[in-house]
Amino acid sequence: MNKRTLLRTTFCILLGMILISKPVYAMHIMEGFLSPLWSGIWFVASIPFLFFGVKSIKKITADNPNLKMVLGLCGAFAFVLSSLKLPSITGSSSHPTGVGLGAILFGPAATSIIALVVLLFQAVLLAHGGISTLGANMFSMGIAGPFASYFIYKGLDKANAPKSVSVFCAAAFGNLLTYVVTSLQLGLAFPVESGIMESVLKFLSIFAVTQIPLAISEGLLTVVILNLLSAYNKEDLKELALIRGGNESI
Amino acid sequence: MMKRNLLLIALVIIISIIPLFINIDAEFGGADVEAKELIMVLHPEYEPWFNSIWKPPSGEIESLVFALQAAIGTGFIGYFFGYYIGKRSTRVTEK
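Each chain has its residues counted from 1, running along the sequence as written. Here every chain gets a letter starting at A, and every ligand a number starting at 1, in the order they are written. Where totals are concerned, whole chains, interfaces and linings use all residues; where local detail is concerned, this predicted model gives features only for residues with pLDDT of at least 70, and gives and counts side-chain atom pairs only at 80 or more. To get the side-chain values, take all heavy atoms of the structure and skip hydrogens and water.

## Some remarks on the nonpolar core
Part 1 of the argument: Definition of nonpolar core: a set of buried residues of the types Ala, Val, Leu, Ile, Met, Phe, Trp, Tyr and Cys, connected through side-chain atoms within 4.5 Å. Three exposure classes are used, based on accessible area relative to the maximum for each residue type with a 1.4 Å probe and protein chains only: buried under 20%, partly exposed in between, and exposed over 50%. Counting residues in each nonpolar core, the largest one holds 84 residues, and the members touching the most others are A:Leu34, A:Leu105, A:Phe106, A:Leu186 and B:Phe81.
Part 2 of the argument: In terms of residue count, helix H8 (residues 196–232) of chain A provides more of this core than any other element does, 13 residues in total.
Part 3 of the argument: Contacts are residue-level and defined by heavy atoms, with any inter-residue pair within 4.5 Å sufficient. Among all residues touching A:Leu186, those that are not within four sequence positions of it are A:Ile29, A:Phe33, A:Leu34, A:Phe203, A:Phe207, B:Ala35 and B:Ile39. In this text, helices come from DSSP runs of H or I with a minimum length of four residues, and strands from runs of E with a minimum of two, each type numbered from the N-terminal end.

Given below as structure tokens:
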């Protein structure tokens, strides 16, 4: 089998996965399920990051217009992954976020814009997540997760871990942290009498275990797409690493 | 590289299929619905103050939009790699 046939098979399998995954519900904080106060707080917390995100994207693409394609790829990857609602060992289902790739390649600020597009699409067209809870979901999926991915990747890379291990850990833990933050947000907004922590733990027990296998899947798929990128578009990756201050290509 | 990728994708498929066999009776509902139910237990007096501006009228329409989301993403990914593989093979033939 030549490389192109293999690539085609890869896409067919990815497509197959999309078809198999049964659309049920999913996992951002639902519309109206945060008080106006908390909705507002998370909006205010997210806005500065969006501002930096727009700035960072403008800067990268102004100097290197060809990197728009790679940015588009990061967005497309997040689109696909967050549409895959996968069954989990707990008997419920949830979906990956797909933002780890953007965080590794373009940094967390630029990735927050990708997350915003995905969250808006799902809030407006799918009633999944919500407009009122957009700030909170932005903060967990578009800011906390990508920041975690970015720093984990940088840290492991500095420690000379193999590339695929750094990428896997960055994407998988970024995914997990997204749902830890979601649990924190819900716990803060809906505390029980014995304290906020207990409430947070209750929400964590819903999300965390469900999310573990999905985090592993997200990590693996992010490694796959970066393998493909470094095989077919090494030039842009090198350029990107250079602009972003890295000394080596991915 | 391709063999490794196929192996990784196979692993993802296995991870996704195993839960279906471990929990044969489970409903596989969304984790967000479980969170909503927990909110109702912790704070039964809570009333959602904002409703979705638009909801897909049926499960079918919802799956249509989800499929659309996935199709947009996969479409671009396919275009991206097709473009760069094509570009590379033209360069090779020109030499």
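## Notes on the pattern of salt bridges
Two side chains bearing opposite charge may form a pair once their charged atoms approach each other closely.
All names here are of chain A.
Part 1 of the argument: Salt-bridge detection follows one rule: a side-chain nitrogen of Lys or Arg within 4 Å of a carboxyl oxygen of Asp or Glu. Throughout the structure, instances matching the rule amount to one salt bridge over all chains.
Part 2 of the argument: The partner of Lys163 in a salt bridge is Asp157, with the nearest N and O atoms 3.0 Å apart.
Part 3 of the argument: Of the residues examined, Lys163 reaches a relative accessible area of 25% and is grouped as partly exposed.

## Here's the deal with a nonpolar patch on the surface
Part 1 of the argument: Patches in this entry comprise residues that are over 30% relatively accessible and not in a salt bridge; like charges within 9 Å are linked, as are nonpolar side chains (Val, Leu, Ile, Met, Phe, Trp, Tyr) within 5 Å. All accessibility values rest on the Shrake-Rupley procedure with a 1.4 Å probe; residue burial counts only the protein chains present in the view. Taken together, the side chains of A:Leu120, A:Val124, A:Leu125, B:Ile53, B:Trp54, B:Ile61 and B:Leu64 present a nonpolar region at the surface, about 580 Å² in accessible area.
Part 2 of the argument: Going through the elements one at a time, helix H5 (108–126) of chain A together with helix H3 (59–94) of chain B are the ones with two or more residues in the nonpolar patch.
Part 3 of the argument: When residues in the nonpolar patch are grouped by element, the largest group, three residues, is from H5(A).

## Some remarks on the packing of helix H6 (residues 134–158) of chain A against helix H7 (residues 163–189) of chain A
Residue and element names in this part refer to chain A.
Part 1 of the argument: Fitted lines through C-alpha atoms give the axes, limited to the stretch in contact for helices. The angle between two N-to-C directions lies from 0 to 180 degrees. Contact geometry for H6 and H7: axes closest at 7 Å, N-to-C directions at 150°. One element, H6, and the other, H7, form an angle in the roughly antiparallel class. Along this stretch, H6 crosses H7, giving a crossing that reads as right-handed. Here the angle decides the label: under 35 degrees means roughly parallel, over 145 means roughly antiparallel, 65 to 115 means roughly perpendicular, and every other value means oblique. The hand of a helix crossing depends on one turn: near helix anticlockwise from the far one by less than a right angle means left-handed, and clockwise means right-handed.

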